[in-house]
Amino acid sequence: MNTSRTQRLVLAVVAWSITFVIFFPILWMFLTGFKTEAQAIADPTLFFTPTLESYAAIQSRANYFHFALNSVYVAFGSTLLALLIGIPSAYSMAFLPTKRTKGTLLWMLSTKMLPPVGVLVPIYLIFRDLGMLDTRIGLIVVYTLMNLPIVIWMLYTFFKDLPKDILEAGRMDGASTHQEILFLLIPLTLPGIASTGLLSVILSWNEAFWSLNLTSSRAAPLTAYIASFSSPEGLFWAKLSAASTMAVAPILIFGWLTQKQMVRGLTFGAVK
Amino acid sequence: MKLSHALPLATLAVAVSAASHAQEITVATVNNNDMVIMQSLTDEFEQAHPGISVNWVVLEENVLRQRLTTDIATGGGQFDVMTIGTYEAPIWAERGWLVPLDDLPEAYQVDDLLRPVRDGLSYDGTLHALPFYGESSMLYYRTDLFEQHGISMPEQPSWDEVYEWAGQIHDPDNRLYGICLRGKPGWGENMAFVSTLVNTFGGRWFDEDWNPELNSPEWQEAISFYVDLMNNYGPPGASSNGFNENQALFSSGRCGMWIDATSAAGRIYDPRESDVADVLGFSQAPVAETPKGSHWLWSWALGIPASSEEQDAAKQFITWATSQEYIELVGETEGWTSVPPGTRASTYEDERYIEAAPFAGFVLEAMQNADPTDSTLKPSPYTGVQFVGIPEFQAIGTQVGQSIAAALTGQMPVEQALESAQRSAERAMRQAGYYD
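No experiment lies behind these values; they were computed from the predicted model shown.

Concerning the overall build of chain A
Along its length, chain A carries 14 helices and 0 strands. Start at the N end of chain A and walk to the C end: the helices and strands fall as α-α-α-α-α-α-α-α-α-α-α-α-α-α. Projected onto its principal axes, the C-alpha positions of chain A cover 70 × 70 × 30 Å. In chain A, which comprises 272 residues, the share counted as buried stands at 43%. In chain A, the share of contacts with a sequence separation of at least 24, taken over all contacts with a separation of at least 6, comes to 78%. If you sum the accessible surface of chain A, you get close to 15,200 Å²; carbon and sulfur atoms cover 73% of it. Across chain A, the centroid of the 18 positively charged side chains sits 7 Å from that of the 12 negatively charged ones.

Points about the state of the cysteines
All names here are of chain B. Considering all chains together, one arrives at 1 disulfide over all chains under this definition. Here Cys180 pairs with Cys255 through a disulfide, and the sulfurs are 2.0 Å apart. Residues Cys180 and Cys255 share a disulfide whose torsion about the S-S bond is about -85 degrees; that sign makes it left-handed. Remark: Cys255 occurs in strand β8 (residues 255–261) and Cys180 occurs in strand β7 (residues 177–180); sequence separation between them is 75 residues. For the pair Cys180 and Cys255, a shared accessibility class is recorded, and that class is buried.

Focus: the packing of aromatic side chains
In this description, a pair of aromatic rings is defined by centroid distance and the angle of the planes. Within this structure, the stated rule accounts for 48 aromatic pairs over all chains. Taken together, a centroid distance of 5.4 Å and an interplanar angle of 80 degrees make the contact between Tyr225(A) and Phe229(A) edge-to-face. Measuring from centroid to centroid gives 5.8 Å for Phe250(B) and Trp258(B), while their planes differ by 35 degrees, and the two rings are tilted. Accessibility expressed as a relative area gives 0% for Phe250(B), which makes it buried. Each member of the aromatic cluster is reached from another via a ring pair, and the members are Tyr87(B), Trp187(B), Trp205(B), Trp219(B), Trp298(B), Trp300(B), Phe387(B) and Phe393(B). Above the ring of Phe48(A), the side-chain terminus of Lys35(A) is found at 5.1 Å from the ring centroid. Cation over ring: Arg95(B) sits above Trp97(B), and NZ or CZ is 6.0 Å from the ring centre.

What to know about helix α8 (residues 159–169) of chain B
Residue and element names in this part refer to chain B. Among all positions in α8, only Trp159, Val162, Trp165, Ala166 and Ile169 are buried. Projection of α8 onto a plane perpendicular to its axis shows the buried side chains occupying an angular sector of 115 degrees, all on one side. Its buried side turned inward, α8 meets α7 (143–148), β7, α9 (190–200), α10 (217–233) and β8.

A look at helix α4 (residues 64–95) of chain A
Between its first and last C-alpha, α4(A) extends 45 Å over 32 residues, near the 46 Å set by a 1.5 Å rise per residue. At Gly86(A), α4(A) is bent by approximately 25 degrees, the largest bend along its length, and proline Pro88(A) sits one to four residues beyond.

A look at the UniProt feature "transmembrane region" (unreviewed entry) in chain A
Residue and element names in this part refer to chain A. The UniProt record marks residues 9–31, 72–93, 105–127, 139–159, 180–205 and 236–257 with the feature "transmembrane region" (unreviewed entry), using the residue numbering of this structure. Measuring from the first to the last C-alpha atom of residues 72–93 gives 31 Å, for a span that is 100% helix and 0% strand. Each end of residues 139–159 is marked by a C-alpha atom, and these two atoms are 29 Å apart; helix forms 100% of the span and strand 0%.

Here's the deal with the packing of α10(B) against helix α19 (residues 414–431) of chain B
All names here are of chain B. In contact at an axis separation of 10 Å, α10 and α19 are set at 130 degrees when each is read in the N-to-C sense. Taken together, the axis directions place α10 and α19 in an arrangement best described as oblique. In this structure, the crossing between α10 and α19 has a hand that is right-handed. Residue-level inspection shows Trp219, Gln220, Ile223, Ser224 and Val227 of α10 in contact with α19, the latter providing Val414, Glu415 and Leu418. Residue composition of the contact of α10 with α19, grouped by class: 5 nonpolar, 2 polar and 1 charged.

Digging into the interface of chain A and chain B
Residue-level contacts link 28 residues of chain A with 33 residues of chain B. At the junction of chain A and chain B, the tally comes to 0 salt bridges. The interface formed by chain A and chain B contains 13 residue pairs in polar contact (both at pLDDT 80 or more). Every element with two or more residues in the side of chain A that touches chain B is listed here: α6 (120–130) and α11 (209–214) of chain A. Among the elements that line the side of chain A that touches chain B, the one with the most residues is α6(A), at 5 residues. Split by residue class, the side of chain A that touches chain B holds 14 nonpolar, 8 polar and 6 charged.

Focus on the environment of Val121(A)
Residues and elements named next belong to chain A. Turning to its location among the elements, Val121 is positioned in helix α6. Judged by its relative accessible area of 42%, Val121 falls in the partly exposed class. Considered as a pair, Val121 and Lys160 are 39 residues apart in the sequence and their alpha carbons are 38 Å apart.

Regarding the side chain of Thr144(A)
All names here are of chain A. Within the element layout of this structure, Thr144 appears in helix α7 (residues 136–160). Since its relative accessible area comes to 2%, Thr144 is described here as buried. Here the side chain of Thr144 touches Ile140 through a polar contact of 2.6 Å, landing on its backbone oxygen. If we skip the residues at most four places from it in the chain, Thr144 touches Ser78, Leu81, Ala82 and Ile85.

Details of the pairing of strand β1 (residues 23–30) of chain B
Put simply, side chains in a regular strand alternate between the two faces of the sheet. All names here are of chain B. Judged by how many residues are buried, β1 sits mostly within the fold: 6 of 8 residues are covered. Of the strand pairs in this sheet, β1 and strand β2 (residues 52–59) are connected by 8 bridges, and their pairing is parallel. What sits directly across from Ala28, in β2, is Val57. Of the pairings in the sheet, the one linking β1 to strand β3 (residues 81–85) comprises 2 bridges and is parallel in character. Across the sheet, Val27 pairs through a bridge with Val81, a residue of β3.

Here's the deal with the packing of α9(B) against α10(B)
Residue and element names in this part refer to chain B. One way to put it is that α9 packs onto α10 with a least axis distance of 9 Å and a crossing angle of 125 degrees. Relative to α10, the element α9 lies oblique. With respect to the hand of their crossing, α9 and α10 are arranged in right-handed fashion. Here Met191, Phe193, Val194, Leu197 and Val198 of α9 lie close against α10, whose contacting residues are Trp219, Ala222, Ile223 and Tyr226. Class assignment for the residues of the contact of α9 with α10 results in 9 nonpolar, no polar and no charged.

Re the pattern of salt bridges
In this structure the tally under the stated criterion is 20 salt bridges over all chains. As a salt-bridge pair, Glu180(A) and Arg171(A) come within 2.8 Å of each other at their nearest N and O atoms. Under the relative-accessibility criterion, Glu180(A) is labelled buried at 1%. In this structure, Arg65(B) engages Glu61(B) in a salt bridge whose closest nitrogen and oxygen atoms are separated by 3.4 Å. With Arg65(B) and Glu61(B) both in helix α4 (residues 61–74) and 4 residues apart, the pair spans about one turn of that helix. Relative accessible area serves as the criterion here: at 8%, Arg65(B) is assigned to the buried category. In this structure, a network of salt bridges that share partners links the residues Glu328(B), Glu332(B), Asp350(B) and Arg352(B).

Thresholds, definitions, all that
Residues numbered from 1 in each chain as written. Chains lettered and ligands numbered in written order. Predicted model: local features only at pLDDT ≥ 70, side-chain atom pairs only at ≥ 80, totals over all residues. Heavy atoms only, no water. Helix = DSSP H or I, 4+ residues; strand = E, 2+ residues; numbered from the N terminus. Buried < 20%, exposed > 50% of the residue type's maximum accessible area, 1.4 Å probe, protein only. Contact = heavy atoms within 4.5 Å. Areas by Shrake-Rupley, 256 points an atom, 1.4 Å probe, with all protein chains shown as cover. Lys, Arg positive; Asp, Glu negative; His and termini not counted. Charge placed at Lys NZ, Arg CZ, Asp CG, Glu CD. Disulfide = S-S within 2.5 Å. Phe/Tyr/Trp six-rings, centres within 6.5 Å; stacked < 30°, edge-to-face > 60°. Lys NZ or Arg CZ within 6 Å of the ring centre and 35° of its normal. Arc of directions from axis to C-beta. Expected span 1.5 Å × (residues − 1). Bend = angle between axes of the 7 residues up to and from the residue. UniProt positions renumbered as here; feature names shortened; annotations may be inferred. Axes fitted to C-alpha atoms, helices over the stretch in contact; angles between N-to-C directions. Parallel < 35°, antiparallel > 145°, perpendicular 65-115°, else oblique. Left-handed = near helix turned anticlockwise from the far one by under 90°. Nonpolar A, V, L, I, M, F, W, Y, C, P; charged D, E, K, R; others polar. Salt bridge = Lys/Arg side-chain N within 4 Å of Asp/Glu carboxyl O. Polar contact = N/O pair within 3.5 Å; in protein donor to acceptor, adjacent residues only side chain to side chain. Pairing = 2+ DSSP bridges.

What follows is the structure, given as C-alpha cells:
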C-alpha cells in the first residue's frame, strides 16, 4: 500500500516535470508576447508589467484573419481529401491484400524520405503552368499528397485490427462494397479515423516549407504570417512571440477540444 | 422575370470588368525597420496612385532570398516588386531577370542617388533596381568609457589602437566587454565583417585567375588577430552573435566598441531603444595595412522582375518608395532619424536630417569612399567590398564563415580552419568551371 503510494507520487512528479519541460517553451513564448521588445531580450524574468503593445503592432501590420482563414481551409480541405482517398485504399490493402501490398505500403512511405526542397523547382514549374501558385487549391493538393502516406499507413493499421468476420457478415447480408465501408468499417473504426484526421490537420497546419514557397499573398497561411515577423535586423522577439501565440492558439484549442478522441485513437488497438 | 435576373448579372459583369482594370501589385520585402515603415505608408501611395493596390509579402532575409530566387529563376511571376541587395542586382540583371530602369522620369532625379550605391545596382551602366536604403560600416563606441580611461578617438583609428583600447575597457566581472564583433557564420553575417578586416590587412578572396587565397599570410594574420581580439576582449559566446545580438549587447551597455552597419545608428541613437544613446560616439571603421575596403557598402533596393505582369504599376511604386518625397514623408511622419539613409545626396543636405542625426556626416563619408570595384590592396577580379559578386559566393562565403566560427570557438586552430576553407573554396570554384 505504502510503496504503491510512493510509486504513484514519484510517477506523478516525473510526469509533471516532463510536461513542464515540454510546455515551457510555449509558456515562455506566451509570456514574451506580452513584453516590450527591450524586455524580451533583457535578462529573463517572470515578473514584468504586461503590455499589449506587440499585439497592437502585429495587428496593424498584417490581417491575422486572412492568414488564419487560409490555414483553416487548407488544413481541413487537405485532410478531407486525404481521408477520401485514404479510406478506400487502406480498405483494399487491409482486407483484400495481394502479394504486392507490403511493397506498395513501403514504397508510399519512402516518398516521405525525400527532402522536399529536392522537388521544389519541378513542382514550382508545374504549379506555374497550371496557374496554381498562390492558390489554396494548390496548397490543398500538395498537403494531401504530403500526408497521404501517413494517413494510409495509420488507417491500414486501424483497419487491420478489425475482425474480418464482421465485414463478411455484412456481405452475407447483401451489403455492397461501398455499403460495407460506409455502414460497417467507418463507424467501427471511427476513433482511428478521427485521430488520423486530427494528425493530418495538425501536420498541415504546421507545415512551413511548401506554404512559404508556393504562396505569396492571397493563399498565405499562418506559417507565412509568423515568418513575416522574424528579422535579421532590429528587435523582433516580442512581436514574433505574439504572432506565434496567435498562430498556435486555434490549433491548440482545437487539440484541447478533441483531446479525448485523439488519445482514444492513438491508443486504439494498443491493448489486444 | 427573366429580365430581372439578367439585369443584376449585367451589372455584376460590368463591376467585374471594372475591377480587373484596377492594378494589383505584390511587393516582396524583408522585415527590417525601414521596410516596416514603408508598409505602414501604403495608404499614402494608394491615395496618390488611385487604381493601384499593394499586397505585401514580408519575410526574413534568408527565407526571402530563397523564395525570390525560386520565383525569378523559374519566371513564376508571383511578385511585381522584389527587395534585393547589391549582391543580387548585377547577377540577376546579367541573366535578364530584372527590368532595366533606363527611362526614369526627370522628377525622380536619378543624379541625386549616391554614386557608389548607384553603381552597385547597375549592370552595363544601366540601373536595374532603385536603392531604398544604403549602409556602410563604422565604429561605434561609448564616450563615457573612453573618457574614463583617458582615450581620445582619432579621426581614423587603427586596428592596433582598437586592440589596445579593448584591453583597457574590458571588464568581464561587470559584464562589460571591450569589443563586440560579428561571429555568427554566414556570408552576410560574420563574413561581411571578416571580409572588410581581411581587405584592410591587405588580403583578397581571389587572385586575378580566380584562385582562392584563403590560406595566404594576409588572411592568417587577419583571422588570428580577430580570434585573439575576440577571445581576449570579446563577449562570451561571440560565435553566435550576429548583427542583431550585437546591437542588443551594445545598446544595453555591454560593449565598449562595436563595428557594424551604419544603418544601426538611428536605433542606437534612439533613447527608446538604447541605454547608451547619450554616450554614443562614432568613428570611421579601423584600418590596418590599407584603408582600401576597410568598410563595406550595401544597399537594399527595389527591382522589378521581368516576369511581372504589372510592370507599369510596379515602376510607379518603386519610384515613389525611393524618391526624395518619400524620404520627406517619413521624416514628417516618423521623425528624421527614421528616414531611410544612404541613398540620396539631398538627404545629407537637409538641415532637418543633419540636426536630428549627428552621425549623418560619418555615414555619408563612409559610403562615398567605399569603392566596390577597387576594394583590395592587390588587384582582384571581382566587385563587392564585403562579398564577391559571383553566384557561387553565397555557398563559398557561408562555408568559409563556418570555418572561421570554428576557429573563433577554438574547435580548430586558425591555420587549419583557413586550410579547410581554402580547400572547400577551391573545390567549389572548380565545380563551377572557373578552371579545370
